[in-house]
Amino acid sequence: MWRMELFENPRALAGMFDARVYAGFDAECLRVHAPDAHFACMDESGVPQARCSLWWRDTPALPNEEVGLIGHYAAADDKPARALLEHVRAELVAAGCTIAVAPMDGNTWRAYRFVTDPGSEPTFFLEPQNPPQWPAQLVADGFRTLAEYSSALTVDLTKRDPRLICAWERLTSDGVSVRALNIERFDTELDAIFTLSLESFSQNFMYTRMAREEFHAQYAKVRPLVVPELTLMAEQKGELVGFLFGLPDMAQQARGEKMNTFIIKTVAVRPGRSRAGLGSVLVGEAQARAHEAGFERAIHALMHDSNRSLNISRHYGHTIRRYTLFQRSLRA
């Protein structure tokens, strides 16, 4: 009943975009993300009912495992999803993988994780979205939780963490200063952010390096939306030692709502005891500046459950959404 079709050339997908499972999918992703394979599960009429990409050559590391990734995932129904997942698991085994991780579009710099506890708050800007059936399809295929993440909301931007006074005084005495992003030097600022990101995130779960060109291309898409006061740069002796990247929640505007929320997308600090507490200082300072700019709420977005950002967030807000990254052993 189901036929698996391998697409090795993004142009070959051109006739597929009327299909439900390709709605909103950009074939350019296949060129930029360079998966090792892309499969579509076709019905008897030749219409794709499920699709995904696979990576196995250059994937994030897990101890004692050969990792295969399943990303660009979509399925119109459970039956084609089951057929597709069974097929791609066999492909990963043939490629020498011992574990499948899903969903992840090649690495953690791109889209990964499924929403598994949606809560009641509406979707925010740049947040992953998926129907509840997709994670359920993975679970039905034998996938289990590999890592969990959450987003939190604070509705009082005037709230201050009293511990930050001492931290800020110590950092200032060590020569650390905080300023807003210079939008006129955006590319130069982004270069410094990229370099610090590689250093700061090198110990993160399933870390891989990212090409500078792709990093710039990602941020170029949101450059017109950047509010300099919401992105903070912490410097010491002329070098960037920390940053907080924030954006207005444009999803509110798209829904015709008052845009009163900003998103703390990324916080990074150069490792070192002398900069302890800088992440907390940046969050507190960003919320204070956002309040002065007229914002009323902040979303602390997509934090790993073991990340320091989660500890910072607990002082201000409450969890509004949870996400899961899944795994399935491919060993016999």
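One numbering rule holds for all chains: residues counted from 1, following each sequence as written. Since the coordinates come from a predicted model, pLDDT governs what is reported: local features require at least 70, and pairs of side-chain atoms require 80 or more to be given and counted, while whole-chain, interface and lining totals use all residues. With hydrogens and water excluded, all non-hydrogen atoms of the structure serve as input to the side-chain values.

Chemist: What is the right way to look at the overall build of the protein in this model?
Modeler: Put simply, DSSP marks the helices as runs of H or I at least four residues long and the strands as runs of E at least two long, and each gets a number from the N terminus on. Within the protein, the secondary structure is distributed over 9 helices and 13 strands. Compactness check: the protein gives a C-alpha radius of gyration of 21 Å against a globular reference of 20 Å for 332 residues, within 12% of the reference. Expressed as a percentage of the 332 residues in the protein, the buried residues total 51%. Long-range contacts, defined here as pairs at least 24 residues apart, represent 73% of the contacts in the protein between residues at least 6 apart. Reported accessibility uses the Shrake-Rupley method at a 1.4 Å probe radius. Residues are deemed covered only where the shown protein chains occlude them. For the protein, the exposed surface amounts to about 15900 Å²; the carbon and sulfur share of it is 49%. A distance of 4 Å separates the average location of the 37 positive side-chain charges in the protein from that of its 41 negative side-chain charges. Note that the radius of gyration is over C-alpha atoms, with the globule rule given as 2.2 Å times the number of residues to the power 0.38. Partly exposed describes any residue whose relative accessible area lies between the buried limit of under 20% and the exposed limit of over 50%, with all areas from a 1.4 Å probe on protein chains only and scaled to the type maximum. Working rule for contacts: check all heavy atoms of both residues, and any pair within 4.5 Å makes them a contact. Asp and Glu are treated as the negative residues and Lys and Arg as the positive ones, with His and the ends of the chain left uncounted. Here the site of a charge means atom NZ of a Lys, CZ of an Arg, CG of an Asp or CD of a Glu.

Chemist: Help me understand the pattern of salt bridges in this model?
Modeler: The rule for a salt bridge is simple: a side-chain nitrogen of Lys or Arg has to be within 4 Å of a carboxyl oxygen of Asp or Glu. Counted according to the given criterion, the structure contains 22 salt bridges. Across the pair aspartate 161 and arginine 163 runs a salt bridge, and its minimum N-O distance is 2.8 Å. Here aspartate 161 falls in the buried class, since its relative accessible area comes to 9%. Between glutamate 285 and arginine 289 there is a salt bridge; the shortest N-O distance is 2.8 Å. Highlighted residues: glutamate 285 and arginine 289, both in helix α8 (residues 278-292), separated by 4 residues, approximately one helical turn. A single salt-bridge network, built from bridges that share partners, covers Arg179, Arg185, Glu189 and Glu235.

Chemist: Whenever I open this one, the pairing of strand β2 (residues 37-42) confuses me. Can you help?
Modeler: Every other side chain in a regular strand lies on the same face of the sheet, so the side chains alternate between the two faces. The buried fraction of β2 is high, at 6 of 6 residues. Of the two faces of β2, the one holding Ala37, Phe39 and Cys41 and the one holding His38, Ala40 and Met42 are both buried throughout. Pairing geometry for strand β1 (residues 3-6) and β2, over 4 bridges, is antiparallel. Bridge pairing in β2 links glutamate 5 to alanine 40. Any two strands with at least two DSSP bridges between them are considered paired. Both β2 and strand β3 (residues 48-55) contribute to a ladder of 6 bridges, which runs antiparallel. Bridged to phenylalanine 39 within β3 is cysteine 52.

Chemist: When you look at helix α5 (residues 186-200) in this model, what are you seeing that I'm missing?
Modeler: Counting along an α-helix, one turn takes 3.6 residues, and residues three or four places apart therefore face a common direction. Along its 15 residues, α5 runs 20 Å from first to last C-alpha, staying within 8% of the 21 Å computed at 1.5 Å per residue. Taken together, the buried positions of α5 are occupied by Phe186, Glu189, Leu190, Ile193, Phe194, Leu196, Ser197, Leu198 and Ser200. Contacts from the buried residues of α5 go to β8 (176-180), α6 (212-220), β9 (232-236), β10 (239-248) and β11 (261-269). Every helix has an expected span of 1.5 Å times one less than the residues it contains.

Chemist: Sorry if this is basic, but what is going on with the nonpolar core here?
Modeler: Where a protein is soluble and globular, its nonpolar side chains tend to be buried together. Nine residue types can take part in a nonpolar core, namely buried Ala, Val, Leu, Ile, Met, Phe, Trp, Tyr and Cys, and a core is a set of them joined through side-chain atoms within 4.5 Å. Ranked by internal contacts, the top residues of the largest apolar core, which has 44 residues, are Val101, Met206, Phe215, Phe243 and Leu325. Among the elements that make up this core, the one with the highest residue count is α5 (6 residues). The contacts of phenylalanine 215, once residues within four sequence positions are left out, are Trp109, Leu190, Ile193, Phe194, Ser197 and Met210.

Chemist: For this particular structure, what's the right way to read the packing of aromatic side chains?
Modeler: Within a pair of aromatic rings, the relevant descriptors are the distance that separates the centres and the angle that separates the planes. Centre distance within 6.5 Å is the pairing criterion for rings of Phe, Tyr and Trp, where only the six-membered ring of Trp is used; planes under 30 degrees apart are then read as stacked, over 60 as edge-to-face, and the remainder as tilted. Counted by the stated rule, this structure contains 12 aromatic pairs. Taken together, a centroid distance of 6.1 Å and an interplanar angle of 85° make the contact between tryptophan 109 and phenylalanine 215 edge-to-face. Here tryptophan 109, found in the loop between β5 (99-102) and β6 (114-117), pairs with phenylalanine 215, found in helix α6; they are 106 residues apart in sequence, far enough to count as distant. By relative accessible area, tryptophan 109 is classed as buried at 15%. Overall, phenylalanine 215 belongs to the buried group, its relative accessible area being 1%. Here the aromatic rings of phenylalanine 114 and tryptophan 134 are separated by 6.1 Å at their centres, their planes lie at 50°, and the arrangement is tilted. On the criterion of sequence distance, the pair formed by phenylalanine 114 in strand β6 and tryptophan 134 in helix α3 (residues 133-140) is long-range, its members being 20 residues apart. No difference in accessibility class separates phenylalanine 114 from tryptophan 134, as the two residues are buried.

Chemist: What should I look at first to understand the side chain of histidine 216 in this one?
Modeler: Take histidine 216: it is sitting in helix α6. Here histidine 216 falls in the buried class, since its relative accessible area comes to 18%. With near-sequence residues (within four places) excluded, histidine 216 lies in contact with Asp187, Leu190 and Asp191.

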